[in-house]
Amino acid sequence: MSNWTLSDLKVWNDRIENIAKEMGLDYFPQEYEVCDYHDMLGYQSYVGMPTRYPHWSFGKAFEKQHTMYKLGMSGLAYEMVINTNPCLAYLMIDNPLAMQVLTMAHVYGHNDFFKNNIHFSHTRPELALEMFRLHSNRVRSYIETPSIGIEKVERILDAAHSIRYQTDRNLLIKSLDVQEQKNNFYKNLNREPDPWDHLKPQDSRTQYDFEPDPVLDLLGFIADNNKYLEDWERDLLNMVKKESLYFLPQMETKVMNEGWASFWHFTILNRLELPADMHMDLIRSHNQVIRPHVGGLNPYHVGYTIFTKLAGSDGHQIKYDIDPQIFEVRTVDRDISFLRRFLTQELADELHLFEYQQRGTRITISEVADDDGWNKVKNTLLKNIGSNSIPIIKVQEVNPRKNTLILKHEYDERELELNYTRKTLEHIHTLWKNPIVLDTTVDNRSVRCTFSDGNFTVEES
Amino acid sequence: MAIFRDYSTQKRDRSASDRQRHKELVRKKIKDGIADIIAEEAIIGQNRNKKIKVPIKGVKEYQFVFGKNEKGAAQGTGQEKKGQVIQDNRQKGGQKGIGEAGNSPGEDIYETEITIEEAVNMMFEDLELPDLDRKKFFQTEAETLRKLLGYQKKGIRNRLSKRKTMINRIKRMKAQQPEENESFPFHNNDLVYRRLTIDIKENSNAVVFCIMDTSASMDQIKKYLARSFYFLLYTFLKNRYRNTEIVFIAHHTEAKEVNEKDFFHKVESGGTMISSGYKKAIEIIEQRYNPAIWNIYAFHCSDGDNFSSDNKSAIEAATALAQVCNLFGYGEIKPNTSYSWSSMIDEYKRINEENFIALKIRSKENIWPALKKFLTLDKNGVLDD
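Below, the structure is looked at part by part. These numbers were taken from a predicted model, which means no experiment stands behind them.

Cut-offs and rules
- Residues numbered from 1 in each chain as written.
- Chains lettered and ligands numbered in written order.
- Predicted model: local features only at pLDDT ≥ 70, side-chain atom pairs only at ≥ 80, totals over all residues.
- Heavy atoms only, no water.
- Helix = DSSP H or I, 4+ residues; strand = E, 2+ residues; numbered from the N terminus.
- Buried < 20%, exposed > 50% of the residue type's maximum accessible area, 1.4 Å probe, protein only.
- Polar contact = N/O pair within 3.5 Å; in protein donor to acceptor, adjacent residues only side chain to side chain.
- Axes fitted to C-alpha atoms, helices over the stretch in contact; angles between N-to-C directions.
- Parallel < 35°, antiparallel > 145°, perpendicular 65-115°, else oblique.
- Contact = heavy atoms within 4.5 Å.
- Salt bridge = Lys/Arg side-chain N within 4 Å of Asp/Glu carboxyl O.
- Nonpolar A, V, L, I, M, F, W, Y, C, P; charged D, E, K, R; others polar.
- Pairing = 2+ DSSP bridges.
- Phe/Tyr/Trp six-rings, centres within 6.5 Å; stacked < 30°, edge-to-face > 60°.
- Lys NZ or Arg CZ within 6 Å of the ring centre and 35° of its normal.

Here the focus is the side chain of lysine 334 of chain B. Residues and elements named next belong to chain B. Within the element layout of this structure, lysine 334 appears in the loop between strand E12 (327-333) and helix H8 (344-348). Note on lysine 334: relative accessible area 10%, which makes it buried. A polar atom in the side chain of lysine 334 sits 2.6 Å from the backbone oxygen of aspartate 303.

Here it is in structure tokens:
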């Protein structure tokens, strides 16, 4: 049984909130829902959303987390905060008061981060719950439409999910539309566009013919350009795209967001003037949260360590003036730029970072954070952070002869897993309904993967 | 000042239907993959209550991912040395906290334990004996229909009667007259479930003839394939239909009716005269199974290595047999490892009976598709390899 009542939580929250405000946190109005572990598992499998469209993958996520929890393989989230305005957070009913206090302090960190980090600026947190609810209603109505039904809806959703992160990764970087690209191209070339350019045979292109940049937004490209899609199919694609764009910034700022929230819960707790026994409990919980995960990467630990350094602390003392530049960092950076800027050799060493590689069935350490290796370790880490861990697949063009969709993998020394590639191309084929070609690199050779008429082939190109 | 919403006592289980759907998909995967498992030699002839373990790859969510040459970065203890081998028991970090959109492919392997009987039931779920006509005297019974017996307070979710439940809620609401705008949740006592019973559907009489070539040319592999085929057929019939009669005929140059045990276990030898098996079947039909009353199915497995002098009469007998049967399936056992000089499939191209199906069985992987093709009267690709 828990040792607190709702009014205890309110009292503590008010004290926490006052400190948070005093220290300069700028947050959305906060709302909490107290729930039990079954609900928490449920929220976790729907990425926190109280309503979400039905799909078996959420059921799978639930089963997996439930099993892992039962087997003691993973703990349960002790808190969840979602990017909405008002900001919604869940508290577990089974947690003791000390844990709730820590959690509430942590929540204000996330809340401030969602409100101020520039990569969240497009997510419309005031409309988020409504968006998810509307999507859910629409998917349900398609499932209930006799001519569509669950299997057809699933086919499209499965396929859309397979490329959900193949979309504009960083909305802050404005991509030029084709006309703008064209203007720039001819401006640089100092010649007028030939009105018959588009009629020239494709292989006779010279360097003086304009070719548009490959498009990063595969999911959006198919939704916008496949005229064979039915309205409901296109609607599903756009829905998945919108939701992915909503979630992407969370993927891109995992280390920062957790680090920021952990930094603030620790700072706030130290100003709360807690009774000694409670303080000890809290320090214990805090250490539990930010302990390094040997063999893995604990974003709480990495982010917390960097933010405390930036704030001017060694991570143990709290008697210091917080360097106000951290507010600027939390506004402008995302994990990739954050780590690139602030992960020094000293920090890499302190975090005991290393690089590993799989050889056969064994995993060996290939670099450690010493004078020679730390930069390599850092670069590898950067490659595995946020959307950098997902291959980039761009749309090159549509070949008009067979309406073939030609894709290009931006090769960066990392090969695609070919079995997954085949299955994903199959999914894309479901959406494009015409042949798909993907150019990539395997064993340092350029290859072309083709999916057409149910067949997958890989040929050297 | 933050708003707190109390732990709600209205239990809702919002992921229930998505979990259900996921389970269905896993089950489908088991079903698709089970034919390979069931055709394992060790299972043929086993006690049907024997439990077998089936490893199932989870339903994967495919996307573009990096392959073998991807390097990773992790935190250690500070004692790590270059070249050191670390075990592959890395725990994935950071499951707590805000929801993260997962992006790493996981191998989710479910291992489930099912009995052979359950497995066979799953395989044959959608199959029926084809063209089962209503003949005069009903005798064959099949468990098919589920009949509504009434309602009950407890039950499984699928059988929730939404209408009755809703009515109960409305009744309670009328009785309590809650304030307007006050939410009026469902109460456990509102829930009503349908009570179902398995109904026995009566089918017409059916008899299945299993005719097997037991001549010397049917070596171990061929006999194993043929017996696997009949084992599946036999299990299917026993599980799905009550009172279906099964007649076993073993033939080489002569044919005789044998019992189940001899059919599956006895070894014979000698030359081959396929017509003998068919003639025996026709003889038995004339004596015991009047086609006006019985649905008759016949299956014949042979390597097709017939005395050529018998070919003409085999075709005639096959045609005659097909004419009294609902379905006559011929499975030619031609493993890739052995070479046969002759093939009856080529001879049987001359048979023009709608319900005659001939196809090749090359390996144990072919057995299940072959049986499926027979039972769905699928003549497509019949003569293909």
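What follows continues from the structure just given.
All names here are of chain A. Where helix H14 (residues 335-342) meets helix H16 (residues 374-383), the closest approach of the two axes is 10 Å, and the angle between their N-to-C directions is 170°. Judged by the angle between their axes, H14 and H16 are roughly antiparallel. Every residue of H16 that contacts H14 at Ile336, Leu339 and Arg340 is listed here: Lys378, Leu381 and Leu382.

We now examine the interface of chain A and chain B. With 114 residues of chain A in contact, the opposing surface of chain B contributes 64 residues. Between the two partners, chain A and chain B, sit six salt bridges. A salt bridge links lysine 60 of chain A to glutamate 61 of chain B; its shortest N-O distance comes to 3.3 Å. With eight residues, the top contributor of residues to the side of chain A that touches chain B is helix H3 (residues 56-70) of chain A. Partitioned by chemical class, the residues of the side of chain A that touches chain B number 54 nonpolar, 32 polar and 28 charged. In this sheet, strand E3 (residues 72-75) of chain B lies alongside strand E4 (residues 353-359) of chain A in antiparallel orientation, the contact comprising four bridges.

With that out of the way, let us pick up the side chain of asparagine 117 of chain A. Within the fold, asparagine 117 of chain A resides in the loop between helix H4 (97-116) and helix H5 (128-144). Excluding its chain neighbours within four sequence positions, the residues that come into contact with asparagine 117 of chain A are Thr253, Met256, Arg330, Thr331 and Asp333 of chain A.

The subject of this paragraph is the packing of aromatic side chains. Following the criterion strictly, the structure yields 38 aromatic pairs over all chains and no others. Centroid distance tyrosine 27 of chain A to tyrosine 108 of chain A: 4.9 Å. Interplanar angle 70°. Geometry classified as edge-to-face. One end of the pair, tyrosine 27 of chain A, is in the loop between helix H1 (6-22) and strand E1 (30-35); the other, tyrosine 108 of chain A, is in helix H4, with 81 residues separating them in the sequence. For the pair tyrosine 27 of chain A and tyrosine 108 of chain A, one class covers both residues: buried. Between tryptophan 260 of chain A and tryptophan 264 of chain A, the aromatic rings sit 5.6 Å apart at their centres with planes inclined by 70°, giving edge-to-face as the arrangement. Of the two residues, tryptophan 260 of chain A and tryptophan 264 of chain A are both situated in helix H10 (residues 254-271); the distance of four residues between them amounts to about one turn of the helix. You can call tryptophan 260 of chain A buried: its relative accessible area is 0%. Grouped by ring-pair contacts, the aromatic residues Phe229, Tyr230, Tyr234, Phe248, Phe263, Phe264, Phe299 and Phe374 of chain B constitute a single cluster. A cation sits over an aromatic face here: arginine 19 of chain B above phenylalanine 62 of chain A, 4.5 Å from the ring centre.

Moving on to the pattern of salt bridges. Residues and elements named next belong to chain A. Using the criterion set out here, one finds 35 salt bridges over all chains in the structure. A salt bridge links glutamate 243 to arginine 52; the shortest N-O distance between them is 2.8 Å. Here the residue glutamate 243 occupies a position in helix H9 (residues 231-252), and arginine 52 occupies one in the loop between helix H2 (37-45) and H3, the gap between them amounting to 191 residues. Residue glutamate 243 is classed as buried on the basis of its relative accessible area of 2%. Given the relative accessible area of 5%, arginine 52 is considered buried.

Next up on the list: the sheet that holds E3 of chain B. Strand pairs in the sheet, formed through backbone hydrogen bonds, run parallel or antiparallel to each other. Read from one edge of the open sheet, four strands run E3(B)-E4(A)-E5(A)-E4(B), paired in antiparallel fashion. The outermost strands of the open sheet, each flanked by one partner alone, are E3 and strand E4 (85-86) of chain B.

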